[in-house]
Amino acid sequence: MQGWMPPSFSYRTFVAFFGDLAGRGALPARFDLSAVAEYPPSIGPQLLELMERMGLLDADGAVVGESMRAVVGGEARWREFLTGWAREVYAEQLGLAAAGAGEEELRASFARFGYKPHKLPRAVQFFHALRADLGLVGT
């Protein structure tokens, strides 16, 4: 995950985007900016990069079959996939949460990703919403 930052946009946007993917039926073989054209320019590219970092797309935007099947394969498969991804990406933050760390420690761990000050609260909010949705306490 070197050089990459976890999402710093609304968790609701994240859920809606992947819900729309699951509801599409047949998915394109490749995703590019046209697939996220309805999102603001600050979010669309993040969604594409996120899909790549989640293993859903390769570096050229081509769909990675097995991973993408988890996304569109129903709620249980999606939640299992998402939980595995979250435990990997947010291992440090989940560990801090499990140890009872305060918000200041949690924000400091996110700051090490290199967020600009105005994006840091959004990244932390995304983490909290993801954690609550999946029922993740820690690692």
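Everything here concerns the structure above.
One structure accompanies this document, and this report is about it. Keep in mind it's a predicted model, so treat the numbers as computed, not measured.

## Focus on the overall build of the chain
Moving on, step 1. Scanning the chain for helices and strands turns up 7 helices and 0 strands.
Moving on, step 2. Shown N-terminal to C-terminal, the secondary structure of the chain runs as helices and strands in the order α-α-α-α-α-α-α.
Moving on, step 3. For the chain, whose C-alpha radius of gyration is 15 Å, the value lies close to the compact-globule estimate of 14 Å for 139 residues.
Moving on, step 4. Overall, the chain is about 45 × 30 × 25 Å in size when its C-alpha atoms are taken along their principal axes.
Moving on, step 5. Within the chain, the proportion of its 139 residues that are buried is 38%.
Moving on, step 6. In the chain, of all internal contacts separated by at least 6 residues, the share reaching a separation of at least 24 is 62%.
Moving on, step 7. Carbon and sulfur atoms provide 53% of the accessible area of the chain, an area that totals close to 7,400 Å².
Moving on, step 8. Looking at charge distribution, the chain has the averaged site of its 14 positive side-chain charges lying 3 Å from that of its 16 negative ones.

## Comments concerning the nonpolar core
Moving on, step 1. Within the largest apolar cluster, 41 residues are counted, with the highest numbers of intra-cluster contacts made by Phe14, Phe18, Met54, Trp85 and Tyr90.
Moving on, step 2. Looking at this core, the elements that each hand over two or more residues are α1 (11-23), α2 (44-53), α3 (65-72), α4 (75-89), α6 (103-111) and α7 (120-134).
Moving on, step 3. Counting residues per element, this core draws most heavily on α7, which supplies 7 residues.
Moving on, step 4. Leaving out residues up to four positions away in the same chain, tyrosine 90 has contacts with Pro6, Pro7, Trp85, Phe110, Phe126, Phe127 and Leu130.

## Description of the environment of glutamine 125
Moving on, step 1. Within the element layout of this structure, glutamine 125 appears in helix α7.
Moving on, step 2. Note on glutamine 125: relative accessible area 54%, which makes it exposed.
Moving on, step 3. Along the backbone, glutamine 125 and serine 8 are 117 residues apart, and their C-alpha atoms lie at a distance of 8.0 Å.

## Section: the layout of surface pockets
Moving on, step 1. Estimated volume of the largest pocket: approximately 220 Å³.
Moving on, step 2. In terms of lining, the largest pocket is formed by 14 residues, of which the most central are Met5, Pro6, Ser8, Gln46 and Glu49.
Moving on, step 3. Of the residues that constitute the lining of the largest pocket, the class distribution is 7 nonpolar, 4 polar and 3 charged.
Moving on, step 4. Taken together, 13 residues make up the lining of the second largest pocket; nearest its centre are Val15, Phe18, Gly19, Glu75 and Trp78.
Moving on, step 5. Contributions of two or more residues to the lining of the second largest pocket are made by α1, α4 and α7.

## Structural notes on a negative patch on the surface
Moving on, step 1. On the surface, a cluster of negative charge is made up of Glu49, Glu52, Asp58 and Asp60.
Moving on, step 2. With respect to the element layout, aspartate 60 can be found in the loop between α2 and α3.

## As for the environment of glycine 65
Moving on, step 1. The topology assignment puts glycine 65 in helix α3.
Moving on, step 2. When the C-alpha positions of glycine 65 and phenylalanine 31 are compared, they lie 13 Å apart, and in sequence the two are 34 residues distant.

## Section: the packing of aromatic side chains
Moving on, step 1. If you walk through the whole model with that rule in mind, you get 17 aromatic pairs.
Moving on, step 2. Arranged with centres 6.0 Å apart and planes meeting at 50°, the rings of tyrosine 90 and phenylalanine 110 form a pair that is tilted. Taken together, the residues tyrosine 90 in the loop between α4 and α5 (91-98) and phenylalanine 110 in helix α6 connect sequence positions 20 residues apart. Of the two residues, tyrosine 90 and phenylalanine 110, both sit in the buried class.
Moving on, step 3. Arranged with centres 6.0 Å apart and planes meeting at 45°, the rings of phenylalanine 110 and phenylalanine 113 form a pair that is tilted.

Reading the values: the criteria
- Residues numbered from 1 in each chain as written.
- Predicted model: local features only at pLDDT ≥ 70, side-chain atom pairs only at ≥ 80, totals over all residues.
- Heavy atoms only, no water.
- Helix = DSSP H or I, 4+ residues; strand = E, 2+ residues; numbered from the N terminus.
- Rg over C-alpha atoms; globule rule 2.2 N^0.38 Å.
- Buried < 20%, exposed > 50% of the residue type's maximum accessible area, 1.4 Å probe, protein only.
- Contact = heavy atoms within 4.5 Å.
- Areas by Shrake-Rupley, 256 points an atom, 1.4 Å probe, with all protein chains shown as cover.
- Lys, Arg positive; Asp, Glu negative; His and termini not counted.
- Charge placed at Lys NZ, Arg CZ, Asp CG, Glu CD.
- Core = buried A, V, L, I, M, F, W, Y, C linked by side-chain atoms within 4.5 Å.
- 1 Å grid on protein atoms, 1.4 Å probe; cavity = no way out; pocket = protein on both sides within 12 Å on 5 of 7 lines; lining within 4 Å.
- Points joined across faces, edges and corners; volume = space filled by probe spheres on them.
- Nonpolar A, V, L, I, M, F, W, Y, C, P; charged D, E, K, R; others polar.
- Patch = residues over 30% accessible without salt bridge, like charges linked within 9 Å, V, L, I, M, F, W, Y side chains within 5 Å.
- Salt bridge = Lys/Arg side-chain N within 4 Å of Asp/Glu carboxyl O.
- Phe/Tyr/Trp six-rings, centres within 6.5 Å; stacked < 30°, edge-to-face > 60°.

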